[in-house]
Amino acid sequence: MKSYQKLPTDIPQPTESHAEEENTDGKPPCLRKLSTWWLGVGLLMMVAVLLSGVTMWMLRQASGSQGGQTPLEKCSAVPEPLRFDCYPERNMVVTKELCESRGCCFIERDQPLGSRSGVPWCFYPPDFPSYTLESLNQTELGMVGLLRRKVKAYYPRDIERLQLSVEFETDTQLHIKIMDSTSPRFEVPLEVPQAKKRAENPVYSLEFSKEPFGLLLRRRASDAVLLNTTVAPLIFADQFLQISTVLPSKFLYGLGEHRNSFLHSLNWSTLTLWARDVPPTESYNLYGAHPFYLLMEEGGAAHGVFLLNSNAIEVALQPAPALTWRTIGGVLDFYIFLGPDPNMVIQQYQQVIGFPAMPPFWGLGFHLCRWGYGTSNETWQIVKAMRNYQIPQDAQWNDIDYMEGYRDFTFDPEKFDTLPQLVEDLHKHGQHYVMILDPGISSTNPPGSYWPYDEGSRRGIFLNTTQGQTLIGQVWPGLTAFPDFSNPDTYQWWLENLNRFHARVPFDGLWIDMNEPSDFKDGSVDGCSPGELDNPPYVPAVLGESLSAKTVCASAKQRASVHYNLHNLYGLMEAKATASALIQIRGKRPLVISRSTFPSQGRYSGHWLGDNRSKWKDMYWSVPGVLSFNLFGIPLVGADICGFSGTTSEELCTRWMQLGAFYPFARNHNTQNEKAQDPVAFSPVARTAMKEVLLTRYALLPFLYTLFHRAHLQGHTVARPLFFEFPQDVITYSIDKQFLWGRSLLVTPVLEPGVDSVIGYFPRGVWYDYYTGSPVNSSGESLKMAAPLDHINLHVREGAILPTQKPGNTSWVSSRNPLRLIAALSQNASAWGDLFWDDGESLDTFERGDYSYLVFNVTQNIFTSSVLHANVEATYITVDVLSVYGVREKPSRVTVNGKENPFSYLDNQVLTVSDLHLNLSQGFSIRWL
């Protein structure tokens, strides 16, 4: 039986880890727990006092009690955490003269002049001019108001009159939109559900400040203020929109895509949302844009805020706690979701952006790739070696080296001449083939020699310059044009190209890369225009300090709008076209993995976390990345296992394969000119460890597939933060070195070199070792566990039933194998679980009713399997083994459907009933007495 060492656990602060070292203070456990309790209470009291002080200060400002203060006194009275930046421009020294020219306060601080972190030197005074709410009228769904600015702001073309629209869409969802009242502006072309009636019993209340205009949103149950926009002025100019709010706590998540701890630091940090091709690096804007945050409130409630805007955005965080949205176009279109628990917030968010697609079953298997196989025969040899060692693999991928001259829709006739035969061989073995596609289309071939460019030019489906000519950039094939996926005609051209290539190489899935879109030239080979689209009055904190840095010109013309408005949507639009084409070509569920993403992307593709490095810290960063994308409604997500660039080590790759086996999307991928890192490249010891953890993943595929069904149907997360299940446990709020699959399986990977143990936090309750069934009864504690190189710690939560399957070397083989059901009894000896099952590849099986759905239950020593919906697929499967964890006394006998059956019982309270041969399509019961 495994031994566990209990460790003291502290209440977390943002960005800090909970993995504490062994206790050395000599205090008895009761005193250490009491100290932890006082620490937790103290933290909450400190937050409450700070928020109370913020509220009182704001009330004094709103009541106009500044009495005859001098400008310096008025400015000095603003608490430092509530100093909102009046001069956020970068790459310049903000002097007192510049600041006061905007009518703002200037107070020097200790940080160096011009520093972009810390308390701003230039900040808004309490009486800075803002908008006035001139009218507010009731509508069928809410309210509509008119806002007016009497004093011009300091950015050009500020808009004098705004329309405020408020819709009480549901009892837990509020829609607030601020737009130009006289002229239409660009709005994101995302289909969102429209409310039919006004909420009858909302859990929130909304109040308005007339002058200056502001919103105050409260949760009725706790009276917590979730939004208060009176703390800083609203600015709405043509190319600069800004709104600020205080927050009810410091526990903030989301706002991707960035390399960050899962819990954001509010210590004067800025997050920029502008899709960019760059290896993941802290503080950079990365591949996707997700203007959505989740915030945990005091007491365990949660809410979320979504800004539906696709322009360049930055979000400034400060320790008040407070947040400022800045964007350079569009409108302020907010959805607020009030949960009240974090799971429900994410479900409500996905009801707006759309639930993720159901992936094919094979997409949940193990994928293998590298840039630099060099030939199709070398690729084939890796596949054969994996089979020889009986290591599970569902899909083989190729990077751009399969192409001829890096041109899309081609393959190298010499080095990859046997690619069609390789794909045929994969299909014969129940495996699949996925290839990379980049959006850049080679433009330098002789006329008539490259159909994709010739036909694209003829149809006019490429991005254009301001002069109406095809915009030419440079990517892997050299000079390139970029398809305009906002143009419906591009969908047909894309489909025809894919169809022509599929006739030669019958691929199964597509990997769409470089779709920010990436351009090795800044803007184009001819640069960009001198206008304000390419050189706006304000440039958010983007890497490269220009909107066109390593991408196309913001002024580029597209069918739906200019690229300035559509840039962050490029990857989403390509994914939509690609998924549509795959469905038409194959007639089956598509598998698309995209680098650039935007809200609603989960409906069309999954995501990998980009060009990471073979370093231990990169392995750690992948966990908050996976968790964040589950918040964003893209549960099919993972990182390049073992790292993309650099050379891995055997220890790192073994540990990363163990972690990666529990990414929802599991692919090992690395770059050219580095050592191979596929499982067969390592020693027998490491290879065996990698094989065993993949077999564990494959055993759990029925459970994982059911989690994806719940994500598709209801918007559940697949990889889940601990606080989603334990929102009352503040310790869980910053845990991002562990995660759950669904609500039931706790994964505790090793993320450090040279260790044979790992520290994990176990929320209150009973947790069972997945492999042995041995229980851990936790009162909410950190435990030190053995973790030799061949082992990853997995624990099943009490009250869960996991459907598992005898693993095979492919998901197809596994899917026909017998099931083993694992029931982990709660402290009152009950458990529950379910299983969704279909053919794994057909379209819309749930919607068409072509599936099986079973519910498993344990009460009063009786396990029951109830078939709530059945199709033919369930008739092919049998249940062979039931393992029950936590049976406190050895039974005297076991009956299966009323007939006695042999069983075994171990001292660690595990009951096993084997050789059942029960058909899954028929309900059954197993009883122990």
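The preceding data block contains the structure.
Residues numbered from 1 in each chain as written. Predicted model: local features only at pLDDT ≥ 70, side-chain atom pairs only at ≥ 80, totals over all residues. Heavy atoms only, no water.

Examining the pattern of salt bridges
This structure, assessed with the given rule, holds 43 salt bridges. Note that Arg667 is salt-bridged to Asp640, the shortest N-O span being 2.7 Å. Residue Arg667 is found in strand 31 (residues 666-668), and its partner Asp640 is found in strand 30 (residues 640-641); the two are separated by 27 residues along the sequence. Judged by its relative accessible area of 1%, Arg667 is buried. Here the salt bridges share partners, and the residues they tie into one network are Asp277, Asp513, Glu516, Arg595 and Asp611. (Salt bridge = Lys/Arg side-chain N within 4 Å of Asp/Glu carboxyl O. Helix = DSSP H or I, 4+ residues; strand = E, 2+ residues; numbered from the N terminus. Buried < 20%, exposed > 50% of the residue type's maximum accessible area, 1.4 Å probe, protein only.)

Comments concerning the sheet that holds strand 4 (residues 131-138)
Strand order in this open sheet of eight strands is 4-5-6-7-19-16-15-13, and the pairing throughout is antiparallel. Strand pairing shows two members of the sheet lacking a second neighbour, strand 4 and strand 13 (251-256), which therefore form its edges. For this sheet, the mean angle separating the axes of adjacent strands, direction not counted, is 15 degrees. Pairing analysis gives seven bridges linking strand 5 (residues 142-149) to strand 6 (residues 161-170), with the strands arranged antiparallel. Bridge assignment links Leu147 to a residue of strand 6, and that residue is Leu162. Here helix 4 (residues 342-353) sits on the sheet and contacts strand 7 (173-180), strand 15 (290-296), strand 16 (302-307) and strand 19 (332-337); the angle it forms with strand 16, its principal contact strand, is near 25 degrees. (Pairing = 2+ DSSP bridges. Axes fitted to C-alpha atoms, helices over the stretch in contact; angles between N-to-C directions. Contact = heavy atoms within 4.5 Å.)

Some thoughts on the packing of helix 5 (residues 376-388) against helix 6 (residues 419-428)
Between helix 5 and helix 6, whose axes approach to 9 Å, the crossing angle comes to 20 degrees. Overall, the two elements helix 5 and helix 6 adopt an arrangement that is roughly parallel. For the element pair helix 5 and helix 6, the recorded crossing hand is left-handed. Where helix 5 abuts helix 6, its residues Ser376, Thr379, Trp380, Val383 and Arg387 lie against Leu419, Gln421, Leu422, Asp425 and Leu426. Class assignment of the residues belonging to the contact of helix 5 with helix 6 gives a composition of five nonpolar, three polar and two charged. (Parallel < 35°, antiparallel > 145°, perpendicular 65-115°, else oblique. Left-handed = near helix turned anticlockwise from the far one by under 90°. Nonpolar A, V, L, I, M, F, W, Y, C, P; charged D, E, K, R; others polar.)

Considering the state of the cysteines
This structure, assessed with the given rule, holds five disulfides. Note on cysteine connectivity: Cys75 is disulfide-linked to Cys105, with sulfurs 2.0 Å apart. Taking the torsion about the S-S bond as the criterion, the Cys75 to Cys105 disulfide, at about -75 degrees, is left-handed. Here the residue Cys75 occupies a position in helix 2 (residues 71-76), and Cys105 occupies one in strand 2 (residues 105-106), the gap between them amounting to 30 residues. For the pair Cys75 and Cys105, a shared accessibility class is recorded, and that class is buried. Here Cys99 pairs with Cys122 through a disulfide, and the sulfurs are 2.2 Å apart. Taking the sign of the torsion about the S-S bond as the criterion, the disulfide between Cys99 and Cys122, at about 90 degrees, is right-handed. Placement of the pair is Cys99 in helix 3 (residues 96-101) and Cys122 in strand 3 (residues 122-123), with a sequence separation of 23 residues. This pair shows no difference in class: Cys99 is buried, exactly as Cys122 is. What links to what in the protein chain: the bonded cysteines, counted in sequence order, pair as 1-5, 2-4, 3-6, 7-8, 9-10. With no disulfide partner, Cys369 has as its closest neighbouring cysteine sulfur the one in Cys642, 13 Å distant. (Disulfide = S-S within 2.5 Å.)

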